[in-house]
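Observations on the model geometry
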Amino acid sequence: MEALVNSWRGRRVLVTGHTGFKGSWLSLWLHALGAEVTGFALPPPSESSLFAAARIDELIQHHEGDIRDLTAVRAVVEASRPEMIFHLAAQPLVRLSYREPVETYATNVMGTVHLLEAARRTPDVKAIVCVTSDKCYQNREWIWPYRESDPMGGHDPYSSSKGCAELVAAAYRSSFFADGPALATARAGNVIGGGDWATDRLVPDLIRAFEAGAAPLIRSPDAVRPWQHVLEALGGYLLLAERLLAGERRFAEGWNFGPSDEDARPVSWIVERMRATWGEGVAAIADTGPRRHEAGLLRLDSSKARAALGWQPMLRLEQALGWIAEWHKAVGGGEDARAITLQQIADYQARAAGQA
């Protein structure tokens, strides 16, 4: 823990997308480690958000703006002079990408271009981690997990936009950053955790249904995904960033941070375990209406991160679901969202320290 704090105490860090679910967890964690955090993102959603519930704007330099606006991105990078950038700003939903493809590509592809353009013109920037997605790969619906060397692809606008973002990062790395900031990309699985109230995501949809005493409507019950707690992914991003900041340029490439193979589970498994973990809940109803294509089988091979970075998952999936239920029941019961989130971060760090 002391080494982790020493890596981040006093560091100037920019987090794009800090008002989102993952960005909120990351901003809180970095602040707890002593970093000087600046956030740049659209306003948090008008409905519930972890950013608002945990009052994160009280802890960091909070800037509202659109990653699609190059002038605004340049301004916040120049003003904050970050040493480290975590780029999480994105349109993150597959089904929304079918309805808003132009917005999805503008945000996920050109937004990445804007961030990298601003970074390469700011001499303080030492390292960048661009967060993409497990869906960036050309999905062949096969049983083997995808490795970092597999080709980029994407059937739907969201997935292909993340593949494009990977190609953008690779082009900037070879064209502009050979002697500049160390640039890596990170591809996590289906990230879940307390404080996610997004629509069209399985676990938040389940929790809303359980709290309302309603039957959740489930699409694609047989689809298999690499589920993992948000702290697993963020722990990988932090570890990768530390190596980049230390000047180890060999780590400036793409990285998978996925769960154990046993935790790539079908949607139906998650539904039943969440019902059991929650302690109550009406049985789910299958959504038989028309729907767009979504991947049926997806796994990640994270052996590279385990071998080269020493990263490994700390929580099994059932434990992660338990932490999510505890978080939402506590907040629903009136407990402080920031305190609960920080406690889970501390518990996770303690687990990681025990495995070291």
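Residues numbered from 1 in each chain as written. Predicted model: local features only at pLDDT ≥ 70, side-chain atom pairs only at ≥ 80, totals over all residues. Heavy atoms only, no water.

Let's talk about empty space enclosed by the protein
- A complete count under the given rule lists 3 cavities of 30 Å³ or more for this structure.
- Quantified by volume, the largest cavity comes out at close to 70 Å³.
- Along its surface, the largest cavity is lined by 13 residues, and Trp227, Gln228, Pro259, Asp263 and Leu315 are the ones closest to its centre.
- Taken together, the elements giving at least two residues each to the lining of the largest cavity come down to strand 9 (224-229) and helix 12 (317-332).
- Considering every element that reaches the lining of the largest cavity, the biggest residue donor is strand 9, with 3 residues.
- Taken together, the residues of the lining of the largest cavity break down into 6 nonpolar, 4 polar and 3 charged.
- Here the second largest cavity is characterised by a volume of approximately 60 Å³. (1 Å grid on protein atoms, 1.4 Å probe; cavity = no way out; pocket = protein on both sides within 12 Å on 5 of 7 lines; lining within 4 Å. Points joined across faces, edges and corners; volume = space filled by probe spheres on them. Helix = DSSP H or I, 4+ residues; strand = E, 2+ residues; numbered from the N terminus. Nonpolar A, V, L, I, M, F, W, Y, C, P; charged D, E, K, R; others polar.)

A few points about the environment of Gln228
- Note on placement: Gln228 falls in strand 9.
- As for Gln228 and Leu317, which are separated by 89 residues in sequence, their C-alpha atoms are 6.5 Å apart.
- Those residues in contact with Gln228 that sit more than four places away from it in its chain are Ala188, Gly189, Asn190, Val191, Ile192, Ala233, Phe257, Gly258 and Pro259. (Contact = heavy atoms within 4.5 Å.)

So, the nonpolar core
- By size, the foremost hydrophobic cluster in this structure holds 56 residues, and its most contacted members are Trp8, Leu30 and Phe86.
- The greatest single-element share of this core, amounting to 10 residues, is contributed by helix 9 (residues 230-245).
- Beyond its immediate chain neighbours, meaning those up to four positions away, Trp8 contacts Val13, Leu30, Leu33, Gly34, Ala35, Met84, Phe86, Leu238, Ala241, Glu242 and Leu245.
- Counting 22 residues, the second-largest nonpolar core is a separate cluster that includes Phe40, Leu115, Ala118 and Ala119. (Core = buried A, V, L, I, M, F, W, Y, C linked by side-chain atoms within 4.5 Å. Buried < 20%, exposed > 50% of the residue type's maximum accessible area, 1.4 Å probe, protein only.)

Some remarks on the sheet that holds strand 11 (residues 264-266)
- Spatially, the 3 strands line up as an open sheet ordered 7-9-11, and their pairing is mixed. In the strand order of this sheet, the two ends are held by strand 7 (190-192) and strand 11, each with one partner. Neighbour-to-neighbour, the strand axes of the sheet open up by a mean angle of 50°, direction not taken into account.
- As paired elements, strand 9 and strand 11 share 3 bridges and run antiparallel to each other. Each residue of the ladder has a partner; that of Pro226, found in strand 11, is Ala264. (Pairing = 2+ DSSP bridges. Axes fitted to C-alpha atoms, helices over the stretch in contact; angles between N-to-C directions.)

Section: helix 12
- Counted at 1.5 Å a residue, the expected span for helix 12 with its 16 residues is 22 Å, and the 22 Å between its end C-alpha atoms agrees.
- Residues Leu317, Ala320, Leu321, Gly322, Trp323, Ile324, Ala325, Trp327, His328 and Ala330 constitute the buried set of helix 12.
- Just downstream of helix 12 lies Gly334, where phi reads positive at about 100°. (Expected span 1.5 Å × (residues − 1).)

Thoughts on the packing of aromatic side chains
- Considering all chains together, one arrives at 10 aromatic pairs under this definition.
- Measuring from ring centre to ring centre gives 5.6 Å for Tyr137 and Tyr146, while their planes differ by 10°; the resulting arrangement is stacked. Residues Tyr137 and Tyr146 agree in their burial class; the two are buried.
- Seen from their ring centres, Phe210 and Trp278 are 6.1 Å apart, and the 40° between their planes marks the pair as tilted. Taken together, the positions of Phe210 in helix 8 (residues 202-212) and Trp278 in helix 10 (residues 267-278) put the pair 68 residues apart, joining distant regions of the chain. Comparing Phe210 with Trp278 shows no difference in burial state: the two are buried.
- Clustering of aromatic rings is evident, with ring pairs tying together Tyr172, Phe176 and Phe177. (Phe/Tyr/Trp six-rings, centres within 6.5 Å; stacked < 30°, edge-to-face > 60°.)

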